[in-house]
Amino acid sequence: MASDTPDMSESKIMAQEASVGVATDLTFSAIDEKKLLRKLDAHIIPLVMLLYTFSFLDRVNIGNARLYNLERDLGLVGNQFQVAVSIFFVTYLLFEVPSNLVLKPLTPSRYIAFIAFAWGIIATCTGFVNSYGALIAVRLILGVVEAGLFPGLNVYLTFFYTKQELALRVGYLFVSAAIAGALGGLLAYGIGQMEGISGYSGWRWIMIIEGLPSIVLGVVTFFLLPNDVNHAYFLTPDEKKLAIARHRRYYGETESAQKYSKQDMLAAFKDWKVWMFCVGQFGVDTLLYGYSTFLPTIIRGLGQWSTAEIQLLTIPCYFVGAITYMGIAYLSDRQQMRGVFCVIFGAISVVGYGVLLSDSSAGVHYFGCFLVATGLYVIVGLPLAWLPNNTPRYGKRTTANGMQLTSGNAAGIMSSFIYPSTDGPRYIVGNAVSLSLVGMGACIYGFLWYWFARENKKRDGGFMKPEHESLSEDELAELGDDSPRYKYTI
């Protein structure tokens with residue numbers, strides 16, 4: 001188990017295990033830290049979950065719309081549907097890192113509210129397109145506005161939660177994705193029955209109706225989302241002090257570390273570990289986007305199902321994935337271990353794709369979908385908490401996290417093309433590519449787990465680079481994760 005050395009010079013609050021609920025310093029003796037955490041969860045998590053649920057729903061509902069004559073109405077041929085799905089990620093990738101860098105200057109309440117309001121309008125407009133070109137244009141604009149949401153929320157959560165609480169909270173975002181996947185199927189089935197009303201096809205009503213709530217959510221976000229601890233209207237002054245002090249108990253979380261600097265930003269680009277996380281995220285996000293967008297198509301290829309049955313059969317898969325991730329995220333936070341779970345559950349998804357590739361019955365292949373879902377959110381989600389855990393300086397953390405997500409989302413471009421309808425019903429190429437890249441990701445995370453553990457052991461033994469030997473303890477603390485005193489989460 002990796003633990004951090006408390007930095008008593010930065011805060012009066014005493015170090016404690018994650019399971020202890022009450023702060024031990026006299027300054028905060030009357031404040032129950034568990035109660036503070038519950039208040040943070042009650043006011044922040046529901047809104048964050050709603051934001052990502054509708055974002056993911058509006059992003060991937062094109063997969064459900066495909067079942068309701070979208071291709072026929074717009075005259076799509078060949079791989080034009082796959083292009084329409086993937087083109088979203090072109091602008092999405094270009095704007096992810098810049099969006100993260102403007103999160104603090106523009107303030108989360110304003111910036112995230114604008115994102116939600118704008119994507120709601122654009123997603124709704126998708127229901128009115130009449131050509132392939134118009135669909136491409138709308139998808140490109142949707143990528144621009146949605147680019148800042150998930151990276152922004154991932155960094156935003158670090159403003160309130162400590163490294164021992166982060167994986168579970170990031171997990172709520174992936175539960176939101178699972179909810180969107182399951183809810184999308186149900187909504188698409190219900191809304192699809194509006195076929196012909198006002199002369200619109202079912203797929204148009206899916207786009208219009210599912211986009212409208214995001215517009216309202218954007219307005220609500222502007223008023224209810226606090227920018228940071230100091231602007232948390234639901235906390236008392238003493239609770240705000242405790243919320244700030246909780247972060248300072250971890251080594252490297254100095255006052256200057258919480259401010260953006262160009263030097264910290266560049267440090268992210270120079271760190272090989274960040275690039276390893278990026279490559280790993282690309283591999284596992286192939287699983288996320290391929291599975292989420294094309295699960296209905298995969299299930300349709302497993303047997304003679306009606307559209308309603310296909311939508312219903314997707315729901316148990318998402319449910320299993322969400323429940324598994326929440327349990328593992330809680331355990332991972334308690335143990336402060338990420339790598340071992342990434343390797344184990346990556347292997348489970350690999351086995352799942354092996355089952356899908358096998359020449360077996362439809363029932364066996366459906367079981368394979370469950371195996372894939374079991375590992376899906378664990379191997380995709382834990383690294384998104386793991387990298388921020390090991391980058392205490394804000395400038396490096398927000399840049400590294402943006403790089404990680406940009407690399408991962410690049411997989412969305414490729415995943416759109418690996419499940420062409422002509423490959424049905426087995427989809428050998430798509431499943432084989434997903435298997436290989438998830439296996440690659442699991443291997444990378446296994447190596448990082450080994451490296452972080454070895455580095456912690458060296459630092460415990462007193463290892464220090466020659467250029468650090470002349471530095472004071474305060475100067476060492478400013479080095480962030482490069483400090484010989486810093487202990488990595490493994």
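Predicted, not measured: the structure shown is a model, and the values here were computed from it. By convention here, each chain's residues receive numbers from 1 onward along its written sequence. The predicted origin of the model limits local features to residues at a pLDDT of at least 70 and limits the giving and counting of side-chain atom pairs to 80 or more, whereas totals for whole chains, interfaces and linings rest on all residues. Think of the side-chain values as coming from all heavy atoms in the structure, minus any hydrogens and water.

**Student:** Looking at this structure, I do not really get the side chain of Asn227. What am I missing?
**Tutor:** Each helix is a run of DSSP H or I of at least 4 residues and each strand a run of E of at least 2, with the numbering of both proceeding from the N terminus. Looking at where Asn227 falls in the secondary structure, it is placed in the loop between helix 9 (202-224) and helix 10 (237-248). A polar contact is formed between the side chain of Asn227 and the side chain of Ser109, at a distance of 2.9 Å. Filtering out sequence-adjacent residues up to four positions away, Asn227 remains in contact with Thr107, Pro108, Ser109, Tyr156, Phe159 and Phe160. In the analysis that follows, any N or O atom pair within 3.5 Å is treated as a polar contact, provided that within protein one partner can donate a hydrogen and the other can accept it, and provided that, for residues neighboring in sequence, both atoms belong to side chains. Residue contacts are defined here by distance: any two heavy atoms, one from each residue, within 4.5 Å place the two residues in contact.

**Student:** What is the right way to look at the environment of Glu165 in this model?
**Tutor:** With respect to the helices, strands and loops of the structure, Glu165 is situated in the loop between helix 7 (149-158) and helix 8 (166-192). Burial here depends on accessible area, computed with a 1.4 Å probe over protein chains only, as a share of the maximum for the residue type. Under 20% is buried, over 50% is exposed, and the range in between is partly exposed. Assessed through its relative accessible area of 11%, Glu165 is described here as buried. Residues Glu165 and Tyr330, spaced 165 residues apart in sequence, show a C-alpha to C-alpha distance of 8.3 Å.

**Student:** So what exactly am I meant to see when it comes to the pattern of salt bridges here?
**Tutor:** When the charged atoms of two side chains with opposite charge come close together, those side chains can pair. Every case where a carboxyl oxygen of Asp or Glu lies within 4 Å of a side-chain nitrogen of Lys or Arg is listed as a salt bridge. For the structure shown, the criterion picks out 16 salt bridges. We note a salt bridge from Arg246 to Glu33, for which the minimum N-O separation is 2.9 Å. In this pair, Arg246 sits in helix 10 while Glu33 sits in helix 1 (residues 33-65), placing the two residues 213 residues apart along the sequence. Glu33 shares its class with Arg246; the two are buried. Counted as one network, the salt bridges with shared partners bring together Asp271, Lys273, Lys396 and Asp481.

**Student:** What is the right way to read the layout of surface pockets from this model?
**Tutor:** A water-sized probe, rolled over the atoms, reveals where empty space remains. Of the volumes computed, that of the largest pocket is approximately 630 Å³. Space inside and on the surface of the protein is sampled on a 1 Å grid over the protein atoms alone, with a cavity defined as a set of points where a 1.4 Å probe fits but cannot get out and a pocket as an open set with protein on both sides within 12 Å along at least 5 of 7 lines; lining residues have an atom within 4 Å of a point. Together, 29 residues line the largest pocket, and Lys104, Thr158, Phe159, His247 and Gln258 are the ones closest to its centre. At the level of elements, helix 10, helix 15 (362-389) and helix 16 (394-415) are the ones that each hand at least two residues to the lining of the largest pocket. Tallying contributions element by element places helix 10 first for the lining of the largest pocket, with three residues. Grid points are joined across faces, edges and corners, and a volume is the space filled by probe spheres set on the points.

**Student:** So what exactly am I meant to see when it comes to the packing of helix 11 (residues 262-270) against helix 16 here?
**Tutor:** The description of two packed helices rests on the angle between their axes and on the distance between the axes. Helix 16 packs onto helix 11 with a crossing angle of 40° between their chain directions and a minimal axis gap of 7 Å. Considering the angle they form, helix 11 stands oblique to helix 16. Considering the relative orientation of helix 11 and helix 16, their crossing is right-handed. Contacts between helix 11 and helix 16 involve Asp264, Met265, Ala267, Ala268 and Phe269 on the former and, on the latter, Gly395, Lys396, Thr399, Ala400 and Met403. In this classification, Asp, Glu, Lys and Arg are treated as charged, Ala, Val, Leu, Ile, Met, Phe, Trp, Tyr, Cys and Pro as nonpolar, and every other residue, Gly included, as polar. Here the contact of helix 11 with helix 16 is built from residues that sort into six nonpolar, two polar and two charged. The angle between two axes is taken between their N-to-C directions and runs from 0 to 180 degrees, where each axis is a line fitted to C-alpha atoms and a helix contributes only its stretch in contact. Oblique is the label for any angle not under 35 degrees, not over 145, and not in the 65 to 115 range, which are roughly parallel, roughly antiparallel and roughly perpendicular in turn. Here a crossing is taken to be left-handed if its near helix is turned anticlockwise relative to the far helix by less than a right angle, and right-handed if that turn runs clockwise.

**Student:** Looking at this model, I keep getting lost on the packing of helix 1 against helix 7. Mind explaining?
**Tutor:** Contact geometry of helix 1 with helix 7 gives a least axis separation of 11 Å together with a crossing angle of 165°. Looking at the two axes, helix 1 sits roughly antiparallel to helix 7. Between helix 1 and helix 7 lies a crossing whose hand is left-handed. Between helix 1 and helix 7, the residues in contact are Ile44, Ile45, Val48, Leu51, Tyr52 and Ser55 and Leu149, Phe150, Leu153, Tyr156 and Leu157, respectively.

**Student:** Mind showing me how you'd approach the packing of aromatic side chains here?
**Tutor:** To describe a pair of aromatic rings, you give the distance between the ring centres and the angle between the ring planes. Classification of ring pairs rests on two measures: the distance between centres of Phe, Tyr or Trp rings, Trp counted by its six-membered ring, which must be within 6.5 Å, and the angle between planes, read as stacked under 30 degrees, edge-to-face over 60 and tilted in between. The tally for this structure, following the rule as stated, stands at 25 aromatic pairs. Among the aromatic side chains, those forming a connected cluster through ring pairs are Trp272, Phe277, Trp386, Tyr445, Phe447, Trp451, Phe452, Tyr486 and Tyr488. Definition used: whenever NZ (Lys) or CZ (Arg) falls within 6 Å of the ring centre and also within 35 degrees of the ring normal, the charge is taken to sit over that ring. When the ring centre of Tyr394 is taken as reference, the NZ or CZ atom of Lys104 above it lies at 4.0 Å. Just above the ring of Phe463 sits the side chain of Lys458; from NZ or CZ to the centre is 4.6 Å.

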